[in-house]
Amino acid sequence: MWPLLSPALVGLSFSGAIGLTFLLLGCALEQYGVYWPLFVLLFYVLSPIPTFIARRLSEDTDSASNACRELAYFFTTGIVVSAFGLPMILARKETIQWGACGLVMAGNSVIFLTILGFFVVFGGGDDFSWEQW
């Protein structure tokens, strides 16, 4: 089982590094030079928390719909939409430039796909899952 997980871990860490590189390029390039977009890091930390809580609390996994899990998906969607909305609002108010907004949006896409990949790889109920982290 371990040899199958190592390429997934390497891929997830590589894509996470690429996403953070996009985010930092949107902040640190000389023509942009404003670090306000780093506030999306808060959304990266907050986005998996509702799903972690819902998976821990939901005992009935064979039902078609679970209210706790659906509420967690709703909160997670709100957090993800807010992460995409913050750079747009900052660019609209001319706090950051539109090029920086594009780089932050690219970083958001890569990071949130990485978080989704984490749940796909480690979300199963087998012997090795996210619960052991």
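Above this text you will find the structure in question.
Computed from a predicted model, the values in this text were never measured in an experiment. (Residues numbered from 1 in each chain as written. Predicted model: local features only at pLDDT ≥ 70, side-chain atom pairs only at ≥ 80, totals over all residues. Heavy atoms only, no water.)

> Sorry if this is basic, but what is going on with a nonpolar patch on the surface here?
Judged by side-chain polarity, Leu42, Val45, Leu46, Ile49, Ile53 and Leu57 come together as a nonpolar surface patch covering roughly 540 Å² of accessible area. Here Ile49 is to be found in helix α3 (residues 49–57). (Patch = residues over 30% accessible without salt bridge, like charges linked within 9 Å, V, L, I, M, F, W, Y side chains within 5 Å. Areas by Shrake-Rupley, 256 points an atom, 1.4 Å probe, with all protein chains shown as cover. Salt bridge = Lys/Arg side-chain N within 4 Å of Asp/Glu carboxyl O. Helix = DSSP H or I, 4+ residues; strand = E, 2+ residues; numbered from the N terminus.)

> In this structure, what is going on with the nonpolar core? I would like to understand it.
The tendency in soluble globular proteins is for nonpolar side chains to be buried as a group. In terms of nonpolar packing, the biggest core is built from 11 residues, these being Leu23, Val40, Phe43, Tyr44, Ile79, Ala83, Val104, Ile111, Phe112, Ile115 and Phe119. Among the elements of the structure, α2 (40–46), α4 (67–92) and α5 (98–122) are those that each provide at least two residues to this core. Per-element accounting of this core gives the leading share, 5 residues, to α5. Listed in part, the 5 residues of the second largest apolar core include Leu90, Ala91, Ile96 and Cys101. (Core = buried A, V, L, I, M, F, W, Y, C linked by side-chain atoms within 4.5 Å. Buried < 20%, exposed > 50% of the residue type's maximum accessible area, 1.4 Å probe, protein only.)

> Could you clarify how one ought to interpret the side chain of Asn66 in this entry?
If you trace the backbone, Asn66 turns up in the loop between α3 and α4. Residue classification places Asn66 among the buried positions, given a relative accessible area of 19%. Within the structure, Asn66 has its side chain in polar contact with the backbone nitrogen of Cys68 (distance 3.3 Å). (Polar contact = N/O pair within 3.5 Å; in protein donor to acceptor, adjacent residues only side chain to side chain.)

> Honestly, the packing of α3 against α4 in this entry has me stumped. Any pointers?
For any two helices packed against each other, the geometry comes down to the angle between their axes and how far apart the axes lie. Direction vectors running N to C along α3 and α4 enclose 175°, while the axes themselves pass 8 Å from each other. Here α4 runs roughly antiparallel to α3, going by the angle between their axes. On α4, the residues touching Pro50, Thr51, Ala54 and Leu57 of α3 are Cys68, Arg69, Ala72, Tyr73, Phe75, Thr76 and Ile79. Grouping the amino acids of the contact of α3 with α4 by side-chain chemistry returns 8 nonpolar, 2 polar and 1 charged. (Axes fitted to C-alpha atoms, helices over the stretch in contact; angles between N-to-C directions. Parallel < 35°, antiparallel > 145°, perpendicular 65-115°, else oblique. Contact = heavy atoms within 4.5 Å. Nonpolar A, V, L, I, M, F, W, Y, C, P; charged D, E, K, R; others polar.)

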